[in-house]
Amino acid sequence: MSQTRQRRAFPFTAIVGQEEMKLALLLNVIDPRIGGVMIMGDRGTGKSTTIRALTDLLPEIDVVAGDPYNSSPSDPDLQSVEVRQRAESGETLPVEPRQVPMVDLPLGATEDRLCGTIDIEKALSEGVRAFEPGLLAKANRGLLYVDEVNLLDDHLVDVLLDSAASGWNTVEREGVSVRHPARFVLIGSGNPEEGELRPQLLDRFGMSVEVRTVRDPELRVQVVDQRTGYDSDPEGFNSHHLGAQEALQQRVVEAQQRLPQVLIDPDLRIRISAVCGELNVDGLRGDIVTNRAARALAAFEGRTEVNDDDVARVVACCLRHRLRKDPLEQIDSGDRVIKVFCKIFEMADTARDAFQLALAA
């Protein structure tokens, strides 16, 4: 990781606490098929800082030079129609490295800004109908971040859901029809005090994290010191953490390469599905995401076989937002998942208490 390509962002490895949030983000980078992360929590808990810091950990990707969709030079599923036609005609595609894109979706964005629209300037000056790519095109093969996602207009939510599910964006405007790849890790954050999310949107996120304000005085002081040091000398602060950043980046790259070799024992898969069944989780998305997240964690830990502890560390994030809410029930949804997990996996109460403490750390 070269210092020249780093954005001016707070280093990911310097973030204190919030281990569940950091792990969920890293797992989605290792396996984007997990489906993204929804991060809900109090104001001022570092949600946006952590998400924006994530991009500096990502290795550069090879893209077709000059292509506005970050098309892959080798994978047809990640190529625009124009690039695929050029490749099929036998043309040698020019390749350039590019940092993984991180696109912010502002709350005031229009559908045209998100999906793309007609290039008015070219239409007026040249008399041709041309397409101007939107934010979904820029986010292809990268991260799409929506802050305050619970305040996003419903019609934009529907567009995001369609693109996230299909991996493609189709635009029909004034006689112009364009279809381009839109494979991205969808990351959302918000404050539950400002409104709940639609269940359809919640279910589309692979993982959900609940972030709480740090209460321990020593940790709070440590957070303040880190932020003060960064604000005083951003370049020096980044340089101090450069070694840790490079080490974590290398660990992520190795995990991505190891992931195809990671296996889950059939009995473990059955117990994962038993947990989902006991919790009355609708559909099979919970089963799929839990399996994928556990495999990504095993790869991140340097192993090629998933164990019970891997499932224990990801199961609450994968299932808590898929539970049917009972307004009369006092127990937290994450605690419900942990309770059922411990029952199915035959963990003792002492182990359950330790597990809950670990998640809260």
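About the cut-offs
- Residues numbered from 1 in each chain as written.
- Predicted model: local features only at pLDDT ≥ 70, side-chain atom pairs only at ≥ 80, totals over all residues.
- Heavy atoms only, no water.
- Salt bridge = Lys/Arg side-chain N within 4 Å of Asp/Glu carboxyl O.
- Helix = DSSP H or I, 4+ residues; strand = E, 2+ residues; numbered from the N terminus.
- Buried < 20%, exposed > 50% of the residue type's maximum accessible area, 1.4 Å probe, protein only.
- Contact = heavy atoms within 4.5 Å.
- Pairing = 2+ DSSP bridges.
- Axes fitted to C-alpha atoms, helices over the stretch in contact; angles between N-to-C directions.
- Phe/Tyr/Trp six-rings, centres within 6.5 Å; stacked < 30°, edge-to-face > 60°.
- Lys NZ or Arg CZ within 6 Å of the ring centre and 35° of its normal.

> I'd like a rundown of the pattern of salt bridges, residues and numbers included.
Evaluation of the coordinates by the stated rule reveals 15 salt bridges. When the shortest N-O distance is used, the salt bridge between Arg52 and Asp104 registers 2.8 Å. Here the residue Arg52 occupies a position in helix α2 (residues 47-54), and Asp104 occupies one in strand β4 (residues 102-104), the gap between them amounting to 52 residues. A relative accessible area of 34% places Asp104 in the partly exposed class. Glu210 is the salt-bridge partner of Arg320, the closest N and O atoms lying 3.8 Å from each other. Placement of the pair is Arg320 in the loop between α14 (308-319) and α15 (333-344) and Glu210 in strand β11 (residues 207-211), with a sequence separation of 110 residues. Each of Glu20, Glu210, Arg212 and Arg320 takes part in one network of salt bridges that share partners.

> Got a sec to walk through the side chain of Asn191? Specific residues and values, please.
You can see Asn191 is positioned in the loop between β10 (184-190) and α8 (199-204). In this structure, Asn191 is in contact with Met40, Gly41, Arg43, Glu148 and Asn150, ignoring residues within four places of it in sequence.

> Tell me about the sheet that holds β11, and please be specific about residues and values.
Pairing is parallel across the open sheet formed by five strands, whose spatial order is β4-β7-β10-β1-β11. Edge strands, defined here as strands with exactly one partner in the open sheet, are β4 and β11. This sheet shows a mean twist of 20 degrees between the axes of neighbouring strands, independent of strand direction. Summarising the sheet, strand β7 (residues 142-147) and β10 pair through six bridges and their orientation is parallel. When the sheet's bridge partners are listed, Tyr145 is paired in β10 with Ile187.

> So, the side chain of His180: which residues are in play, and what are the values?
Residue placement: His180 occurs in strand β9 (residues 176-181). Residue His180 is classed as buried on the basis of its relative accessible area of 0%. Not counting the four nearest positions on each side in its chain, His180 is found in contact with Tyr69, Cys115, Phe131, Leu136, Ala137, Gly167, Trp168 and Asn169.

> Residues and numbers for the packing of aromatic side chains, please.
Taken as a whole, this structure holds four aromatic pairs when the rule is applied. Measuring from ring centre to ring centre gives 5.2 Å for Phe10 and Tyr230, while their planes differ by 65 degrees; the resulting arrangement is edge-to-face. Here Tyr230 lies in helix α9 (residues 217-232) and Phe10 lies in the segment before α1 (19-30), a separation of 220 residues in the sequence. Judged by its relative accessible area of 6%, Tyr230 falls in the buried class. Relative to Phe237, the ring of Tyr230 lies with its centre 5.8 Å away and its plane at 80 degrees, an arrangement referred to as edge-to-face. Counting every residue linked through ring pairs, the aromatic cluster contains Phe10, Tyr230 and Phe237. Over the face of the ring belonging to Trp168 we find Arg179, whose NZ or CZ atom lies 4.2 Å from the ring centre. The side chain of Arg251 reaches across the aromatic face of Phe300, ending 3.8 Å from its centre.

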